[in-house]
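Structural overview
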Protein chains: 2
Amino acid sequence: MPISADFPFQEYLPFWDALPRELQTELRAAAQLRHAHTDQVIHTGGRCDGFFIIVSGRLRCRTAAESGRSITLFRLFAHDVCLFSASCILKSISFTVTIEAECDTDYLRIPPAVYRRVSAASAQAAQFTNEILASRFSDVMWLMDQLLNRRMDARIAGFLIEEARLCGSDTLHITHEKIAQHLGSAREVVTRVLNYLAHEGMITLFRGGIAIADSARLSELAEDAVP
Amino acid sequence: MPISADFPFQEYLPFWDALPRELQTELRAAAQLRHAHTDQVIHTGGRCDGFFIIVSGRLRCRTAAESGRSITLFRLFAHDVCLFSASCILKSISFTVTIEAECDTDYLRIPPAVYRRVSAASAQAAQFTNEILASRFSDVMWLMDQLLNRRMDARIAGFLIEEARLCGSDTLHITHEKIAQHLGSAREVVTRVLNYLAHEGMITLFRGGIAIADSARLSELAEDAVP
């Protein structure tokens, strides 16, 4: 649906005030407010769906492995901007991702053609795009370091602590399969590590979920490097 | 050393002709031509050395793991531009890399402050930076897919084929340790896989190097996914 006339774009797009009035009007008229429910896939493959701005909720961006393993690249929260749903804006992007809502999410969609015109007209807008790309690049480089230099038990410990923080609860309703998908691993590997963590008393397992029993030791484990 | 007055910037920077004359003059005056010999590290850690443009030769960019494993992220060839040696240009870059010459390399260095002024003044320059970031992002996403979905034997096979292509020879003078550093693996793992490939007749091993014996089978193996 169209957005209200007083939507505060300047809170989301730092270059807003520097845009010529006619581009502000065009962007405002073209932006649409959308809603996604938990687990809804809102972008996949090579589609050019547009530039998304998260108003509330949470999105997960993962590799779109047609065959093979996928991994969570990063998450986006309120005020974050998602570029990879509009990869046609940048001709040098040669990969695809899948973006899905992790909870009820409201987001703005800006059509690619409008964003392209804004970027071409405003050095500030193009520099904002640079900063977003650099920020996501930093997320992926952190992940690369995790893959290279952390043991799987440390990565699972870190994942459980992050999930507990996001959910605001030490009781997580999540399957072993789902954890494996986040971490780009196999379900059997995750189950083996979780059984080990439970045996060590750091977590307890129950049907459909995991409860953190000793978050201090789990946090310590999360820092362990590949031997 | 300073560059010659007729250095063809327009061949390296597609936004050159759109720059105001005074920025062209400033950039030309600030650019320096540098030389790096094989294996020379030209950038490391959080230093902000400037924006590099490769004139001839080849650079390798790898993760700067102070402790732990490093991996080759991508290589840069003549006409490529290296941004991560000037990470202060983008405040959202929170990782560091190491950049080294893989052979005798000539490159231009543009000071970060000059490039920052150019980007702020020209939407085309900022968009060029976007395309470079997007291109390197694509390289790293390819690597992420390799780490997740390729077996180590397939990755080593792919690496040997790529090296042979770059060297223009099926005889490679490279140590097992060096291959492990490129692939973010351990030397023992690489040695085990190379012994297997030699046993299968795809390569032959000699002191200080590897010769490709059956590049067709090696190429086939390079496509093998994680089972």
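Nothing here was measured: the structure is a model prediction, and the numbers come from that model.

Points about the overall build of chain A
Scanning chain A from terminus to terminus reveals eight helices and eleven strands. Taking the principal axes of the C-alpha coordinates as reference, chain A spans close to 65 × 35 × 30 Å. Relative to its 227 residues, chain A shows a buried fraction of 52%. The contacts of chain A with a sequence gap of at least 6 include a subset with a gap of at least 24, amounting to 71%. Carbon and sulfur atoms form 50% of the exposed surface of chain A, whose accessible area is close to 10000 Å². With 23 positive and 27 negative side-chain charges, chain A shows a separation of 6 Å between the mean positions of the two kinds.

As for the sheet that holds strand β4 (residues 58–63) of chain A
Sheet strands line up and pair through hydrogen bonds in the backbone, either parallel or antiparallel. Residues and elements named next belong to chain A. The antiparallel open sheet is built from four strands, whose spatial order is β2-β7-β4-β5. Of all the strands in the sheet, the pair left with one neighbour each is β2 (41–43) and β5 (72–77). Geometrically, the sheet is characterised by an average inter-axis angle of 30° between neighbouring strands, direction not taken into account. Both β4 and β5 contribute to a ladder of five bridges, which runs antiparallel. The residue bridging L59 from the neighbouring strand is L76, located in β5.

Some remarks on the interface of chain A and chain B
The partner chain B presents 41 residues to the 41 residues of chain A that form the contact. Both sides of the chain A and chain B interface together cover about 3300 Å² of buried area, and 69% of this is carbon and sulfur. At the junction of chain A with chain B, the criterion picks out zero salt bridges. Summed over the shared surface of chain A and chain B, the number is 13 residue pairs in polar contact (both at pLDDT 80 or more). Counting only elements with at least two residues in the side of chain A that touches chain B, the list comes to α3 (112–121) and α4 (123–149) of chain A. The biggest single contributor to the side of chain A that touches chain B is α4(A), with 19 residues.

What counts and what doesn't
Residues numbered from 1 in each chain as written. Chains lettered and ligands numbered in written order. Predicted model: local features only at pLDDT ≥ 70, side-chain atom pairs only at ≥ 80, totals over all residues. Heavy atoms only, no water. Helix = DSSP H or I, 4+ residues; strand = E, 2+ residues; numbered from the N terminus. Buried < 20%, exposed > 50% of the residue type's maximum accessible area, 1.4 Å probe, protein only. Contact = heavy atoms within 4.5 Å. Areas by Shrake-Rupley, 256 points an atom, 1.4 Å probe, with all protein chains shown as cover. Lys, Arg positive; Asp, Glu negative; His and termini not counted. Charge placed at Lys NZ, Arg CZ, Asp CG, Glu CD. Pairing = 2+ DSSP bridges. Axes fitted to C-alpha atoms, helices over the stretch in contact; angles between N-to-C directions. Buried area = accessible area lost by both parts, 1.4 Å probe. Salt bridge = Lys/Arg side-chain N within 4 Å of Asp/Glu carboxyl O. Polar contact = N/O pair within 3.5 Å; in protein donor to acceptor, adjacent residues only side chain to side chain.

Any functional reading would require information that these geometric values do not contain.
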